[in-house]
Amino acid sequence: MTKKNNILKQAAAYPHMVWAVLFIIAPLLFVAYYAFTDKNGKFTFANIASLAQAAYLEVFLRSICFAFLATVICLIIAYPVSYFISRTSPQAQKILVMLVMLPQWLNFLIRTYSWMAILEDTGIINSILGIFGWELHMINTPAAVILGMVYNFLPYMIIPIHSAMTKIDPRVLEASSDLGCNPLRVVTKVVFPLSLSGVISGITMVFVPSISTFYISQKLGGGNFDLIGDSIERQFQTQYNYNMGAAMSFVLMILIIVSMAIMNKYSDDEGGVIV
Amino acid sequence: MTKKKNIGRTLCIILTFIFLYMPIGVLILFSFNSGDSTAVFQGISLRWYKELFTDAATLNALKNTLVLAILSSVISTIIGTAAAYGISKMRNKYVKSATMSATQIPMINPEIVTGISMMLLFVFVANIVRSSSLLGFWTVLIAHITFNLPYVILLVLPKFKEMDKSLPEAALDLGCTPFQSFFKVELPAIMPGIVAGFIMAFTLSIDDFVISYFTTGSGFETLPIRIYSMTKKRVTPDMYALSTLIFITILVLLLISNFASGKNKIELSKKAKNAVKFTGIGVFGTIATVTLIILCISAATEVKTVNVYNWGEYISDGGDDSLDVNKEFEKWAEEQYREKYDKKVKVQVNYTTYASNEDLYAKIANGAGGYDVIVPSDYMLEKMYSEGLLQPLDTEKIPNLIYLGDQFENMFVYEHTVKDENGAEMKENQTYGIAYTYGVVGIVYNSAELLENAPEILEYIEKEEAGWEVMFGIPKRDENGNFVYDENGKMILDMDDPDNKKFNEAYLKLKGQILQFNNPRDAFGSAMYYLGIDVNNPSEEDWRAVYGLLALQKDYVQGYVMDEIYNKMEKGESWIAAYYAGDCLSMMGENTDLDFYYPKDQNGDYTTNIFADAMCIPSTADESNLELAHWYINFMMEPEIAYANAEYIYYGCPYNYLPTDENGDSILDEETLEANKEAIDNYRINMGYYEYLFDKNGEILTDSDGSYILEYDENGNRIVDPEGDYFVIYNADFENSLLSMFEKFAYKDLTNSYVELSNGTKVSNLTMLNDKWETLKIESTSMVGIYIICLVIALGVVAFFVYTFIKKRRQRRFYWASTTPSKQPQKKQELPDFSETAVIAIEKAKKRDK
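What you see is a predicted model, and the numbers here were worked out from it, not measured in a lab. (Residues numbered from 1 in each chain as written. Chains lettered and ligands numbered in written order. Predicted model: local features only at pLDDT ≥ 70, side-chain atom pairs only at ≥ 80, totals over all residues.)

Helix and strand counts for chain A stand at 13 helices and 0 strands. Beginning at the N terminus, the succession of helices and strands in chain A can be written as α-α-α-α-α-α-α-α-α-α-α-α-α. With respect to the three principal axes, the spread of C-alpha positions in chain A is 75 × 70 × 30 Å. Among the 275 residues that make up chain A, the fraction classed as buried is 52%. A separation of at least 24 residues holds for 72% of the contacts in chain A among residues at least 6 apart in sequence. (Helix = DSSP H or I, 4+ residues; strand = E, 2+ residues; numbered from the N terminus. Buried ≥ 20, exposed ≤ 12 C-beta atoms within 10 Å, placed from the backbone. Contact = placed C-beta atoms within 7 Å.)

A count of helical and extended segments in chain B gives 32 helices and 15 strands. The proportion of buried residues among the 850 residues of chain B is 43%. Across chain B, the fraction of contacts at a sequence separation of at least 24, relative to all contacts at a separation of at least 6, is 73%.

Side-chain direction in a regular strand flips from residue to residue, so the side chains alternate between the two faces of the sheet. Residues and elements named next belong to chain B. Both strand S5 (residues 413-419) and strand S6 (residues 425-431) contribute to a ladder of 7 bridges, which runs antiparallel. If you follow Lys419 over to S6, its bridge partner there is Glu425. Where S5 folds back on S6, the antiparallel hairpin that results is connected by 5 residues, among which Gly423 adopts a positive phi of roughly 85°. (Pairing = 2+ DSSP bridges.)

By convention, interface size is frequently given as the accessible area that disappears when the constituent parts associate. In this complex, chain B contributes 104 residues to the contact, which on the side of chain A involves 107 residues. When residues of the side of chain B that touches chain A are assigned to their parent elements, the largest contribution, 12 residues, is made by helix H1 (residues 3-31) of chain B. Residue composition of the side of chain B that touches chain A, by class: 66 nonpolar, 25 polar and 13 charged. (Nonpolar A, V, L, I, M, F, W, Y, C, P; charged D, E, K, R; others polar.)

Let's shift gears to the sheet that holds strand S3 (residues 373-374) of chain B. Residue and element names in this part refer to chain B. Taking strand neighbours across the sheet as the criterion, the 3 strands line up as S2-S1-S3 in an open arrangement whose pairing is parallel. Among the strands making up the open sheet, the edge pair consists of strand S2 (345-354) and S3. With 10 bridges joining them, strand S1 (residues 302-311) and S2 adopt parallel strand pairing. Paired with Asn307 across the strands is Asn350, a residue of S2.

So, on to the pairing of strand S10 (residues 576-580) of chain B. All names here are of chain B. Counting buried positions along S10 yields 5 of 5 residues, so the element is predominantly enclosed. Here 5 bridges tie strand S7 (residues 434-446) to S10, and the two strands are oriented antiparallel to one another. If you follow Val444 over to S10, its bridge partner there is Ala577. Sheet topology places strand S8 (residues 514-517) next to S10; 2 bridges connect them, and they run parallel. Looking at S10, one finds that Ile514 is bridged to Ile576.

The biggest cluster of nonpolar side chains holds 281 residues, and the ones touching the most others in it are Val31(A), Ala70(A), Phe153(A), Met157(A) and Ala614(B). By residue number, the principal contributor to this core is helix H8 (residues 142-166) of chain A, which donates 16 residues. Setting aside anything within four residues of it in sequence, one finds Val31(A) in contact with Ala246(A), Ser249(A), Phe250(A), Val113(B), Ile116(B), Ser117(B) and Leu120(B). (Core = buried A, V, L, I, M, F, W, Y, C linked by C-beta atoms within 7 Å.)

As a further point, take the confidence of the model for chain A. Looking at chain A, pLDDT values average 86 and 95% of them are 70 or higher. With pLDDT under 50 throughout, residues 269-275 of chain A is counted as low confidence; its partners more than four residues away or in other chains account for 19 contacts. (pLDDT = per-residue confidence, 0-100.)

Glancing now at the environment of Gly388(B). Within the fold, Gly388(B) resides in the loop between helix H15 (378-386) and strand S4 (390-391). Counting along the chain gives 23 residues from Gly388(B) to Ala365(B), while the straight-line C-alpha distance between them is 9.8 Å.

All names here are of chain B. Helix length check: helix H5 (residues 111-129), at 19 residues, gives a terminal C-alpha distance of 27 Å against a target of 27 Å (1.5 Å per residue), a fit within 8%. With respect to burial, H5 is a largely interior element, 14 of its 19 residues being buried. Where H5 terminates, the next one or two residues include Arg130, which has phi positive at roughly 55°. (Expected span 1.5 Å × (residues − 1).)

What follows covers the packing of helix H13 (residues 325-341) of chain B against helix H25 (residues 626-636) of chain B. All names here are of chain B. Orientation of H13 relative to H25, taken along the N-to-C sense of each, is 125°, at an axis distance of 11 Å. Considering the angle they form, H13 stands oblique to H25. Helix-helix and strand crossings are classified by hand; for H13 and H25 the assignment is right-handed. Touching Phe329, Trp332, Ala333 and Gln336 of H13 are Leu628, Trp631, Tyr632 and Phe635, all from H25. Of the residues contributing to the contact of H13 with H25, the split by class is 7 nonpolar, 1 polar and no charged. (Axes fitted to C-alpha atoms, helices over the stretch in contact; angles between N-to-C directions. Parallel < 35°, antiparallel > 145°, perpendicular 65-115°, else oblique. Left-handed = near helix turned anticlockwise from the far one by under 90°.)

The phi dihedral of Asn140(A) is positive, around 65°, even though this residue is not glycine. Relative to the helices and strands, Asn140(A) resides in the loop between helix H7 (124-131) and H8. By the C-beta count within 10 Å, which is 26 here, Asn140(A) ends up buried. Not every positive phi belongs to a glycine, and Asp342(B) is a case in point at roughly 55°. Along the chain, the position of Asp342(B) falls in the loop between H13 and S2. Among the residues examined, Asp342(B) registers 7 C-beta atoms within 10 Å and is labelled exposed.

Moving on, we get to the environment of Arg87(A). Residues and elements named next belong to chain A. Its location among the elements puts Arg87 in the loop between helix H4 (54-86) and helix H5 (90-101). Here Arg87 falls in the partly exposed class, since 15 other C-beta atoms lie within 10 Å of it. Spatially, the C-alpha atoms of Arg87 and Lys39 are 58 Å apart, while their sequence positions differ by 48 residues.

Residue and element names in this part refer to chain B. Contact pair helix H6 (residues 137-162) / helix H8 (residues 178-207): the axes reach a minimum separation of 8 Å and the direction vectors enclose 160°. Judged on the interaxial angle alone, H8 and H6 are roughly antiparallel. Seen from above, H6 lies across H8 with right-handed handedness. In this structure, H6 contributes His144, Phe147, Asn148, Tyr151, Val152, Leu155, Val156, Pro158, Lys159 and Phe160 to the contact, and H8 contributes Ala189, Ile190, Pro192, Gly193, Ile194, Ala196, Gly197, Met200, Ala201, Leu204 and Ser205.

Close inspection of predicted coordinates is inappropriate in any region flagged by low pLDDT. Residues and elements named next belong to chain B. Within chain B, residue pLDDT values average 81, and 81% of them lie at 70 or more. Across residues 691-713, confidence stays below pLDDT 50; counting only partners more than four residues off in sequence or on other chains, it has 53 contacts. Overall, residues 716-733 carries pLDDT values under 50, and its contacts beyond four positions in sequence, including any with other chains, amount to 45 contacts. Of the two predicted TM-score estimates for the complex, the pTM is 0.82 and the ipTM is 0.91.

In structure tokens, the structure reads:
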């Protein structure tokens, strides 16, 4: 292959690179600009500094914890499910995967709304429990918010893990069990390392939207405990304090980039594929 | 594998699917509800499906969503596939990793940051090119492509990597052109990745709300945005009906495609492929032809579009056999053009919606212009006027202004600076807004639940002297009458005074059953009305007090809500809430246990918010649309139209269809009076309806459907039905009392009203309000339990990694010691590498076998 030819082929990526500079990099510069200026456009650290107050630290901590728990729960549910799905026939797999994605095609605001009807004290679960004389308060609790996150983002955990698993040749599994692995060891020693790239991208795709969500906490949390997404949304939509909102976004962005970088360091060893 | 295991496996999958589909089941169930509610099931009907197909705005939003999803996913698939191809060919490591990092940013960036950053960029560009209508379809499309791209690239790229490098080389050797080699050899190999990328992009685009919400502008509304803007009013079940239809359509398509591909592949493949090809060509051909025809038609007739931006669910839209006001206007305006200019013009109302005054302001102040008519509330109108965002209305173009109620006449008249012929500046008063609706905030409560759980409170309310204390409790004061605060600035319930103690003990029974507004103006407003503070001019001490009161209340509220209030009150999930009177009436229609009162102060006078929303024209409105915008405003005041709206919205109608001069004589001629007869009656009902809310003196006559019956006795007085739900006796004094209420209780713009702090600085009351609200909202009890759980899990994960790491090293050491003594740098993770090699070996073997 000639070098010229190769450069020509590389050129296929140029439209995307231009696009990325215009619509990914440039907008982020605006965020940074607003985060470090005051209302009059003067450089300042005040916005970032004011985030150091206890209440905001608590909001950040809360968001991280909620998102973390949601991610862990998603992983615990999604891993066996994707494994089992990947062990069915290709026909069934196709249907099951589509069925996992199908709820995502319905509006997420509406789906969250229906959860309210399920979780409320007068809701569906409690009316069923009521037959046995039990009662379980769920709505407006942290658990309800985490449940909302798990529900909304679970498919984004199942799909990448499943797609990583389908790439595993069944003969590798057969070989390992032939070589004396018990089924548990097959999963931990062979399946898990080979599906790690899927797990990593699943974690990204659940953790990131969970940490920044604002609708779920408003509806299922009753607006009683704010997450960082709520605060950002409020700064932009009701307080018109773009500088403060940008500062929060900036910190959130750094936070996520750092945690992703740490995680990718692990995944780099496994090939570093995100999806 | 054993059968037992299979059962466990199936059970696991089934449970997950139950979890995933539970809310969808609920949604489908309520789409068949015959009532208005999405919480109380009243009976099976297809009503909402019928309504869905008459709801032009929703169908339009659906169309927008689909067009956007298709376009953005197609474009991002093309750019993304090309990019993946280019990236896979890149040799320079740094360029490659830089490109990859930039690509991943929208994925790892929170949606809200992506949305906001793009909004900032678009607004910046819009300011440079001085285009007020930049934000809209194109900006949303760009945003969607941007966040779709990384998913496409990251799904396609591995396919290029997995592809055997020798394949395209072989193709070239065998005489293919590079072009042919790409389309015949490489493309089929990466096709699964492309398809997966496309589906992912389509799904993300259809589901996206946050990014579209921030990047859209006038006249472009997607389905998620439309649903979100129903946030002040209820989310109607026709949205559920729509979701059900989408769900079933996709399910059927899925089954069909699966059934088709399930057939014997080899035999059918060619036929099927051809069939698919022809269908594809057919579909594209049809779309192209239809577009062409539409383009031709639209080129032939002039199209005039008026962009109206209004609250969600704030106009009679043709649902429930009501009048479709926007359609009526289109017809009327087309007629006007024919009569006045002898021109054939197609008029379109581009009607989009927002959820709050603050959302509206954010859009307009951002320069997202292109709106011709907007409907802000009183205080927001004032703010927009003072920032030059509105233009004065040409009252001569609004002849229906004679109907505007006296008390609303001067409400939105402000100074406007004009230049006379000599260039000297002159100030004159101009009308900036015309009232569209008005309403009052009241307290709605569930009498059945209160009777059962807190009868003292119900008794207290029924004495008809109740005020806001039912929402807040009675805070403690010291012997000087000053409020007592705890160390966090929170007030304390009074348990010393025996009377107050008795009340507060009853109040405590409401814990977790109270709903408070989820917006700063109304939440702080309610506390101010309670404490008798002027809502537009509080002092520093006042701010401290209202914050302390709301912080106190925070421990007892169930939640801070807007639209959810409908469901929660209707099904008895919450017992008491403050909300807008019209909406309370709408809730009372769904649950007969609900009742309603206006809070009074200690002297027995009403103390609550009254508001008016008014139609305005923003200063960025297109000049060529001004006439049409005025026509629109005028049309909204037509008796028939205004009544249709009032009946739909349940808010007060600010128009008087019996206008009189100073002597009390009617200024309308006989003919108009005759024509307005029905509207006049309706107007009286509407007025009385509000009066009812103040004094329960009687009932409005209603028939079994809940429509009003007009009957008069021989003296011309309306007959009062003691069995009915509402009453009406029109009372002229009522208008005057309204006016004084507006003066006393309506919110005003706080931007330029200042509060002097004890340290001598002056702070805008708006800043004060926002800061206090922010503090109230972010303050919450630490969730120590959750933090500990997180910590434990995190530690567990770290421990696991450390353990496996140490174990591996030990194994390796053992391995090295026994086999290879050389100090070669060891590859980490032997197993995956080994297995990957194995996979590749097997792949190759497979190919060889073929």
